[in-house]
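Below are the chains, spelled out letter by letter.
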Amino acid sequence: QVRLVESGGGSVQAGGSLKLSCAASGYILSGREMSWYRQAPGKERGLVSSIGCDGTTTYVDSVKGRFTASHDNPKNTLFLQMNSLKTEDTAVYYCAANPCGKPSYRIWGQGTQVTVSS
């Protein structure tokens with residue numbers, strides 16, 4: 001069964017850190033496009049970071065310098081290190097992956113809640 005399972009969410013005060021994990025089973029992440037999205041209450045889901053098939057990592061402007069996405073091949077796991085968290089980072093975070101250049105084949109995790117309080 002193909003699954004992406006996020007973990008590591010929780011509640012933290014502003015300025016704190018969290019590290020999200022996205023473990024894949026039945027699906028090899030290496031060689032795929034990997035990404036993190038988030039959805040805040042009342043807002044649409046939006047891209048936070050992506051790791052392209054060429055290894056290039058991109059970030060939305062609001063998290064640049066604070067978030068770091070990475071991938072561990074042996075563990076078949078995607079990570080998102082989030083530092084200097086702000087209240088506006090509060091959202092459900094989703095990991096996703098798809099074959100190179102084929103976003104229509106994207107698969108999603110179930111999401112993990114991140115709550116940042118002031």
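The rules we used
- Residues numbered from 1 in each chain as written.
- Predicted model: local features only at pLDDT ≥ 70, side-chain atom pairs only at ≥ 80, totals over all residues.
- Heavy atoms only, no water.
- Core = buried A, V, L, I, M, F, W, Y, C linked by side-chain atoms within 4.5 Å.
- Buried < 20%, exposed > 50% of the residue type's maximum accessible area, 1.4 Å probe, protein only.
- Helix = DSSP H or I, 4+ residues; strand = E, 2+ residues; numbered from the N terminus.
- Polar contact = N/O pair within 3.5 Å; in protein donor to acceptor, adjacent residues only side chain to side chain.
- Pairing = 2+ DSSP bridges.
- Contact = heavy atoms within 4.5 Å.
- 1 Å grid on protein atoms, 1.4 Å probe; cavity = no way out; pocket = protein on both sides within 12 Å on 5 of 7 lines; lining within 4 Å.
- Points joined across faces, edges and corners; volume = space filled by probe spheres on them.
- Nonpolar A, V, L, I, M, F, W, Y, C, P; charged D, E, K, R; others polar.
- Phe/Tyr/Trp six-rings, centres within 6.5 Å; stacked < 30°, edge-to-face > 60°.
- Lys NZ or Arg CZ within 6 Å of the ring centre and 35° of its normal.

(A) Here's a closer look at the nonpolar core. Formed by 26 residues in total, the largest nonpolar core has its most connected members in Leu29, Trp36, Phe67, Leu78, Leu80, Met82 and Tyr93. At the level of elements, β3 (18-25), β4 (32-39), β5 (46-51), β7 (67-72), β8 (77-82), β9 (91-99) and β11 (112-117) are the ones that each hand at least two residues to this core.

(B) Spotlight on the environment of Glu88. If you trace the backbone, Glu88 turns up in the loop between β8 and β9. It is 17 Å that separates the C-alpha atoms of Glu88 and Thr68, two residues lying 20 residues apart in sequence. Here the side chain of Glu88 touches Thr87 through a polar contact of 3.1 Å, side chain to side chain.

(C) Highlighting the pairing of β5. Of the strand pairs in this sheet, β4 and β5 are connected by 5 bridges, and their pairing is antiparallel. Opposite Tyr37, over in β5, you have Leu47 as the bridge partner. If you look at the hairpin formed by β4 and β5, you'll find 6 residues sitting between the two strands, and Gly42 has a positive phi there, around 75°. In terms of strand pairing, β5 meets strand β6 (residues 57-59) through 3 bridges, oriented antiparallel. The residue of β6 that forms the bridge with Ser49 is Tyr59. Once β5 ends, the chain turns through 5 residues before running back antiparallel as β6, passing Gly55 with a positive phi of about 90°.

(D) Molecular detail of the environment of Ser70. Looking at the element boundaries, Ser70 is found in strand β7. Sequence-wise, Ser70 and Ser35 are 35 residues apart; in three dimensions their C-alpha atoms are separated by 9.9 Å. Residues within four places of Ser70 in sequence aside, it is in contact with Ile51, Thr77, Leu78 and Phe79.

(E) Broad picture of the layout of surface pockets. Volume-wise, the largest pocket comes out at about 160 Å³. Along the wall of the largest pocket there are 14 residues; nearest its centre are Arg38, Ala40, Lys43, Glu44 and Glu88. Within the residue set of the lining of the largest pocket, elements represented by two or more residues are β4 and β5. With 3 residues, the top contributor of residues to the lining of the largest pocket is β5. Of the residues assigned to the lining of the largest pocket, the class counts are 5 nonpolar, 5 polar and 4 charged.

(F) Region of interest: the packing of aromatic side chains. Taken as a whole and assessed by the stated rule, the structure comprises 2 aromatic pairs. Centroid distance Tyr94 to Trp108: 6.5 Å. Interplanar angle 85°. Geometry classified as edge-to-face. Of this pair, Tyr94 sits in strand β9 while Trp108 sits in strand β10 (residues 107-108); the two residues are 14 residues apart in sequence, bridging distant segments of the chain. When its relative accessible area of 12% is taken as the criterion, Tyr94 is described as buried. Three or more aromatic residues link up through ring pairs in this structure, and these residues are Tyr37, Tyr94 and Trp108. Here Lys19 stacks its cationic end above the ring of Phe79, 4.6 Å away from the centre of that ring. Against the face of Tyr27 rests Arg32, its NZ or CZ located 4.3 Å from the ring centre.

Note that every value here comes from positions in space, so none of it alone points to a role or purpose.
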